Amino acid sequence: MRTISGKLSVRASRWGGVDSLLMMTDSPPCLLLCEDDASARRALGVYLRQAGYQVDEAADGGAAIRMLKTMRVDLVLLDLQMPGGDGFAVLNYLHEHRQALPVLLMTGLPPEQIQDRMQGLKRRELPPLLMKPINPEQVLQLVELQLAGQLPTPGSQGLEAV
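Bear in mind the structure is a predicted one, so any value in this text is a computation, not a measurement. (Residues numbered from 1 in each chain as written. Predicted model: local features only at pLDDT ≥ 70, side-chain atom pairs only at ≥ 80, totals over all residues. Heavy atoms only, no water.)

## A word on the overall build of the protein
In step 1: Assigned secondary structure in the protein consists of 6 helices and 5 strands.
In step 2: Scanning the protein from its N terminus toward the C terminus, one meets helices and strands in the order α-β-α-β-α-β-α-β-α-β-α.
In step 3: A burial count over the protein gives 48% of its 162 residues as buried.
In step 4: Sequence-distant contacts in the protein: of pairs separated by 6 or more residues, those separated by 24 or more amount to 74%.
In step 5: As displayed, the protein offers around 7800 Å² of accessible surface, 52% of which is attributable to carbon and sulfur atoms. (Helix = DSSP H or I, 4+ residues; strand = E, 2+ residues; numbered from the N terminus. Buried < 20%, exposed > 50% of the residue type's maximum accessible area, 1.4 Å probe, protein only. Contact = heavy atoms within 4.5 Å. Areas by Shrake-Rupley, 256 points an atom, 1.4 Å probe, with all protein chains shown as cover.)

## Focus on the pattern of salt bridges
In step 1: Applying the stated rule across the entire model yields 6 salt bridges.
In step 2: The residue Arg41 makes a salt bridge to Glu57 at a minimum N-O spacing of 3.4 Å. In this pair, Arg41 sits in helix α2 (residues 38-50) while Glu57 sits in strand β2 (residues 54-58), placing the two residues 16 residues apart along the sequence.
In step 3: When its relative accessible area of 27% is taken as the criterion, Glu57 is described as partly exposed.
In step 4: For Lys132, the salt bridge identified is with Asp79, shortest N-O distance 3.1 Å. Taken together, the positions of Lys132 in the loop between β5 (129-131) and α6 (136-147) and Asp79 in strand β3 (residues 75-79) put the pair 53 residues apart, joining distant regions of the chain.
In step 5: Overall, Lys132 belongs to the partly exposed group, its relative accessible area being 29%. (Salt bridge = Lys/Arg side-chain N within 4 Å of Asp/Glu carboxyl O.)

## Brief notes about the sheet that holds strand β4 (residues 103-107)
In step 1: With parallel pairing, the 5 strands of this open sheet are ordered in space as β2-β1-β3-β4-β5. Pairing within the sheet leaves two strands with one partner each, and these edge strands are β2 and β5. Pairwise comparison of adjacent strand axes, ignoring direction, gives a mean angle of 20° for this sheet.
In step 2: Sheet analysis places β3 next to β4, joined by 4 bridges and oriented parallel. When the bridges of β4 are listed, Leu77 appears paired with Leu104.
In step 3: Lying on the sheet, helix α4 (residues 87-97) is in contact with β3 and β4; it crosses β3 at an angle near 150°.
In step 4: Strand contacts of α6: β1 (30-34), β3, β4 and β5, with the helix running at about 140° to β3, the strand carrying the most contacts. (Pairing = 2+ DSSP bridges. Axes fitted to C-alpha atoms, helices over the stretch in contact; angles between N-to-C directions.)

## A few points about the environment of Gln99
In step 1: Considering the arrangement of structural elements, one finds Gln99 in the loop between α4 and β4.
In step 2: Classification of Gln99 as exposed rests on a relative accessible area of 51%.
In step 3: Dropping the residues within four chain positions of it, Gln99 is found in contact with Leu94 and Arg123.

## Overview of the pairing of β1
In step 1: Burial analysis of β1 places 5 of its 5 residues in the buried class, the great majority of the element.
In step 2: The side-chain alternation of β1 yields two buried faces, one formed by Cys30, Leu32 and Cys34 and the other by Leu31 and Leu33.
In step 3: Of the strand pairs in this sheet, β1 and β2 are connected by 5 bridges, and their pairing is parallel. Among the inter-strand pairings, Leu31 is bridged to a residue of β2, identified as Val55.
In step 4: Each parallel crossover has a hand, and the one from β1 via α2 to β2 is right-handed.
In step 5: Note that β1 and β3 share 4 bridges and pair parallel. (Right-handed = clockwise from strand over helix to strand, strands pointing away.)

Listed below in structure tokens is the structure:
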């Protein structure tokens, strides 16, 4: 399992970030931020909005799934450990209904627990994973890279359970 942590030396160019997406859609990309820690969710949401993104927030997996059913979402930032349907339940929903939707995972779970919990996934592969504590600048870089199609997606680069 690959994780992305610490400082990134790669910075998405503006052509792959908010500026080019604004030109293509006339509206900023819509991110769904799924995080049960209210203060972390608010802080990251503010940071991403200041960077030009539209951010909708969900405090648990059930709320995230309801929002995914009814809203335009261009990328999901998903905490794996949440009440009311965790991130793994959301991943299963995405696999069944929104396979092409880009996802970035966030977690404080140790790798062994992630591996164990992956056994219940319908698709035993993970999108790019950020280990907590989260660095907002790093999240922004990864959002830009993911929206530009420059990060591996499940099935493309071996992000799977062993």
